[in-house]
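# Analysis of the macromolecular model
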Amino acid sequence: MALRLGILGSGKGSNCRAILERIRDGSLDAEARIVVSDFGDAPILEIAREFGVPHAHVAPGNFRTILEPAAEQELVRTLQRADVELVVLAGFMRVLKAPMLQAFPQRIINIHPSLLPKFPGLAAWKQALAAGEKVTGCTVHYVDAGIDSGMILGQREVPIMPNDTPETLHARIQIAERELYPEVIGCLAV
Ligand code: GRF
């Protein structure tokens, strides 16, 4: 039985696109039940439309880094109505709290642009550059109550070149992300 995904994102949606492409070409045994964004005009919702996947906007309320509790409850209901088994964070820029963590225990995963536990938090590729690292990468992990601290499910290394800028490095990491994320979801699907 295909794993029933709910994909959450705030922005561009390149990871979401990679996952939907792998589902469409049959190489990932999953079903995208819904795509949800906290921004009504996020490109990730356009991608859902393009692939014919149901999509929803959940208004986040007045907080900047989390959802207001009522909004988070609405998100839980939206995902439950869509019969989602696994919540896939794909550039979702808010920290999930008790309503989501309790509704989907060990059923929320995230992709982060560093080799965790190194460089949790924002703009991890800039952190890696500033630290003078030679190698960084990306990590898929379970989401828990901490910041980028849940159990690691998979990682991919990405070299840092001497002339890298934050933009060139982030672009190289994102290429690796788009391979790693569908691969890890595929492992959870069996
Ligand atoms: C990715 O770089 C991911 O590591 C981070 O957010 C970004 C999302 O990019 N969590 P996209 O929206 O999938 O293009």
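All of the points below concern the structure found in this document.

The rules we used
- Position numbers for residues start from 1 in each chain and track the written sequence from start to end.
- Per-residue local features are limited, in this predicted model, to residues with pLDDT of at least 70; the limit for side-chain atom pairs, both in listing and counting, is 80 or more; totals at the level of whole chains, interfaces and linings are taken over all residues.
- The side-chain values count all of the structure's non-hydrogen atoms but skip hydrogen atoms and water molecules.
- Using only the protein atoms, space was sampled on a 1 Å grid; points where a 1.4 Å probe fits but cannot get out form cavities, open sets with protein on both sides within 12 Å along at least five of seven lines form pockets, and lining residues are those with an atom within 4 Å of a point.
- Grid points are joined across faces, edges and corners, and a volume is the space filled by probe spheres set on the points.
- Put simply, Ala, Val, Leu, Ile, Met, Phe, Trp, Tyr, Cys and Pro go in the nonpolar bin, Asp, Glu, Lys and Arg in the charged bin, and everything else, Gly too, in the polar bin.
- A carboxyl oxygen of Asp or Glu within 4 Å of a side-chain nitrogen of Lys or Arg is what we treat as a salt bridge.
- To qualify as a helix, a DSSP run of H or I must reach at least 4 residues; to qualify as a strand, a run of E must reach at least 2; elements of each kind are numbered from the N terminus.
- Residue exposure (1.4 Å probe, protein chains only): buried if accessible area is under 20% of the type maximum, exposed if over 50%, otherwise partly exposed.
- In this description, the arc belongs to the directions extending from the helix axis to the C-beta atoms.
- Here, two residues are considered to be in contact whenever any of their heavy atoms come within 4.5 Å of each other.
- Count a disulfide wherever a pair of cysteine sulfur atoms falls within 2.5 Å.

### Overview of empty space enclosed by the protein
- For the coordinates displayed, the defined rule picks out one cavity of 30 Å³ or more.
- In this structure, the largest cavity is lined by Leu 8, Val 36, Ser 37, Asp 38, Val 58, Leu 67, Leu 75 and Phe 92.
- For the lining of the largest cavity, a count of residues per class yields six nonpolar, one polar and one charged.

### Examining the pattern of salt bridges
- If you walk through the whole model with that rule in mind, you get twelve salt bridges.
- A salt bridge links Asp 83 to Arg 4; the nearest nitrogen and oxygen atoms lie 3.4 Å apart. Taken together, the residues Asp 83 in the loop between helix H3 (69–81) and strand E4 (86–89) and Arg 4 in strand E1 (residues 3–8) connect sequence positions 79 residues apart.
- One continuous salt-bridge network, built from bridges that share partners, spans Arg 4, Asp 83 and Glu 85.

### Side note on the environment of Ile 175
- Take Ile 175: it is sitting in helix H6 (residues 166–188).
- The exposure class assigned to Ile 175 is partly exposed, which follows from its relative accessible area of 48%.
- Sequence separation between Ile 175 and Ser 14 is 161 residues; the distance between their C-alpha atoms is 9.3 Å.

### Section: helix H2 (residues 43–50)
- Within H2 the residues assigned to the buried category are Ile 44, Leu 45, Ile 47 and Ala 48. Summarising the axial view, the buried residues of H2 lie within an arc of 155°, below the 170-degree limit, and thus occupy one face.
- Tucked into the core, H2 has its buried residues touching E1, helix H1 (14–24), strand E2 (30–37) and strand E3 (55–57).

### Overview of the state of the cysteines
- Applying the stated rule across the entire model yields zero disulfides.
- Cysteine Cys 138 shares no disulfide, and the gap to the nearest cysteine sulfur, in Cys 187, comes to 14 Å.

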